[in-house]
Amino acid sequence: MGARRQTECEELMTLSTTSTTVNFSAVPDETGRFGPYGGKYVPETLMPALDELEEAYLNARIDKEFMAELAHLQHTYVGRPTPLTYARRLSEELGGAQIYLKREDLAHSGAHKINNALGQALLMKRKMGKTRIVAETGAGQHGVATATAAALLGIGCIVYMGTVDMERQKPNVFRMQLLGTEVRAVDSGSQTLKDAINEAIRDWVTNVETTHYLLGSALGPHPYPAMVRDFQSIIGLEAHSQMQDPAEGGPGRLPDAIVACVGGGSNAIGIFHPFLEEESVRLIGVEAGGHGIEDGAHAARFADPERGRLGVLQGTKSYVLQDSDGQIALTHSISAGLDYASVGPEHAWLRDVGRSEYTYCTDTQTLEGFKALCELEGIIPALESAHAIGYVLELAPQMAKDQVILVNLSGRGDKDLGTVMQTIGGDS
Ligand SMILES: Cc1ncc(COP(=O)(O)O)c(C=O)c1O
């Protein structure tokens, strides 16, 4: 580990977690703001659709029948609760904190994305008079989750995907097609997630009467960041009780730190949220460090003091990687799902109020995390999730053996085998 990273880790270790005066349930406010972040920056034509979505969602949250149907599907179809696994060999190898994994990789369709996709698809089916779903995807996991929910509920579905991402996530493109979804290639801009979101929004604006935009992360205009967070909070709710229950595989106590990768921020906010009031638990988000911050080829919105600045992208105000003219910067990550120029507004706010901390993992560190989990635990993680593991390789040895880290293992790595094979070779 380099000296700079050592210092950064030490700084993070000494940060006090939270100020007791912060009221976490007060955000977002009625205009969809998390402090200065969030909001609704959309064309006038979409305002009624956002109002309709908010009304449907608020209504569904207090509708016992809706919530019971969702809980039933989460249990019988998604396979929830997902287990908690003690990573014994990884913990021993690192010689520090005990490491536990929340196994979202074992959720149906292979990642946490199904929690939100199923919630929104059911909302559309039961509460909104719409017949068609559009979605964007980066790693393809949200696309697969949306295609899965659409097939289950009998809803027509179109997924927009950048051509660069289609190439690196080929198996997921085929999966979506098998599930009856049309995948539309996007070859504008950097041909990744940002461009796919642009096209999905364009389709939504044109077909707003019939179409629901099933956004895949805690991003976009209000009410998406709060709604996606709530659908993903099941991860943290389950983990909160599993950690305290040895019969559920937990250590019988809360963790000292929770580590999750941050693309748009949905798996991280999902596991963080039910722990916000637990002041002893550090919440650490790991962004994509790509080739390194100095190199400029990364997607670490918080770590780049020059290019990561307040801005508006795709309906929400947050930290956005941009050049000096405010043009959106090109990003890079080995993992398609973290390769995005902005970050969910609630993360920006939680960071401001000192409740969560953010660091990054380079592509190289990520591959080390990926290999470690494969070889020591028999688990092939998604490259997105491997960012969290990559950071734990640094963090765990700095903590005591009686301390505990909980990692959100957001997805499984089948989709990434091609990328990993190209990078480290099939027989290494
Ligand atoms: C497995 C996995 N983890 C994490 C992410 C990042 O998204 P988010 O930050 O919304 O959890 C993705 C995105 O596609 C993903 O597929």
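Just so you know, these numbers come straight off a predicted model, no measurement behind them. (Residues numbered from 1 in each chain as written. Predicted model: local features only at pLDDT ≥ 70, side-chain atom pairs only at ≥ 80, totals over all residues.)

Chemist: In this structure, what is going on with the nonpolar core? I would like to understand it.
Modeler: Core analysis: the biggest nonpolar cluster contains 124 residues, and A121, I258, V259, V286, V392, I405 and V407 have the highest contact counts within it. In terms of residue count, the dominant contributor to this core is helix α10 (residues 224-243) (nine residues). With near-sequence residues (within four places) excluded, V259 lies in contact with I284, V286, A388, Y391, V392, I405 and V407. (Core = buried A, V, L, I, M, F, W, Y, C linked by C-beta atoms within 7 Å. Buried ≥ 20, exposed ≤ 12 C-beta atoms within 10 Å, placed from the backbone. Helix = DSSP H or I, 4+ residues; strand = E, 2+ residues; numbered from the N terminus. Contact = placed C-beta atoms within 7 Å.)

Chemist: Would you mind going over the sheet that holds strand β13 (residues 356-362) with me for this structure?
Modeler: One key point about sheets: their strands pair by backbone hydrogen bonds, in either a parallel or an antiparallel sense. Judged by pairing direction, the sheet is mixed, and its six strands sit side by side in the order β3-β4-β14-β9-β10-β13 without closing on themselves. Sheet topology places β3 (84-86) and β13 at the edges, where each strand pairs with a single neighbour. The average undirected angle you get between the axes of adjacent strands in this sheet is 25°. As paired elements, strand β4 (residues 98-103) and strand β14 (residues 404-409) share six bridges and run parallel to each other. When the sheet's bridge partners are listed, Q98 is paired in β14 with V404. (Pairing = 2+ DSSP bridges. Axes fitted to C-alpha atoms, helices over the stretch in contact; angles between N-to-C directions.)

Chemist: How should I be thinking about the sheet that holds strand β7 (residues 182-186) in this particular structure?
Modeler: Taken in spatial order, the four strands of this open sheet run β7-β6-β5-β8, and their pairing is parallel. Pairing within the sheet leaves two strands with one partner each, and these edge strands are β7 and β8 (211-213). Neighbour to neighbour, the strand axes of the sheet diverge by 25° on average, direction disregarded. Across six bridges, the pairing between strand β5 (residues 132-137) and strand β6 (residues 156-162) is parallel. The residue of β6 that forms the bridge with R132 is G156.

Chemist: Quick question: what am I supposed to make of unusual backbone geometry here?
Modeler: The general pattern is negative phi for most residues beyond glycine and trans for most peptide bonds. In this structure, the amide linkage connecting R80 to the following residue, P81, adopts the cis form with an omega of 0°. Along the polypeptide, P81 turns up in the loop between α3 (64-78) and β3. Looking along the chain, the bond that leaves H222 and enters P223 is cis, with omega of 15°. Phi is positive for Q191, close to 55°, though the residue is something other than glycine. Relative to the assigned elements, Q191 resides in the loop between β7 and α9 (193-206). For Q191, a count of 18 C-beta atoms within 10 Å puts it in the partly exposed group. Notably, Q314 is not glycine yet its phi reads approximately 50°, a positive angle. Tracing the backbone shows Q314 in the loop between β11 (308-313) and β12 (316-321).

Chemist: What's the story with the site of the ligand in this structure? I'm lost.
Modeler: What surrounds the ligand is a group of 22 residues, the closest being Q141, G263, S266, G337 and G411. When residues of the shell around the ligand are traced back to their parent elements, those giving at least two are α6 (141-153), α11 (266-272) and α14 (383-395). Examining the composition of the shell around the ligand, we find that three residues originate from one element, α11, more than from any other. Taken domain by domain, the shell around the ligand gets at least three of its residues from each of domain 1 (3-15 + 81-110 + 233-424) and domain 2 (35-76 + 113-213). (Near = placed C-beta within 6 Å. Domains from an automatic or database assignment.)

Chemist: Quick question: what am I supposed to make of α14 here?
Modeler: Residue pairs three or four apart in sequence face the same way in an α-helix, which turns once every 3.6 residues. The terminal C-alpha atoms of α14, which comprises 13 residues, lie 19 Å apart, in line with the 18 Å expected from a rise of 1.5 Å per residue. With respect to burial, α14 is a largely interior element, twelve of its 13 residues being buried. Taken together, the buried positions of α14 are occupied by L383, E384, S385, A386, H387, A388, I389, G390, Y391, V392, E394 and L395. (Expected span 1.5 Å × (residues − 1).)

Chemist: I would appreciate a short explanation of the packing of helix α5 (residues 113-127) against α10 in the present structure.
Modeler: Two elements in contact, α5 and α10, have axes whose closest approach is 8 Å; the angle formed by their N-to-C orientations is 130°. Comparing the axis directions of α5 and α10 gives the class oblique. Viewed along their axes, α5 and α10 form a crossing whose handedness is right-handed. Residues N115, N116 and G119 of α5 touch α10, and the partners they reach there are V228, F231, Q232, I234 and I235. In terms of residue class, the contact of α5 with α10 is built from four nonpolar, four polar and no charged. (Parallel < 35°, antiparallel > 145°, perpendicular 65-115°, else oblique. Left-handed = near helix turned anticlockwise from the far one by under 90°. Nonpolar A, V, L, I, M, F, W, Y, C, P; charged D, E, K, R; others polar.)

These figures come from the coordinates and say nothing about function on their own.
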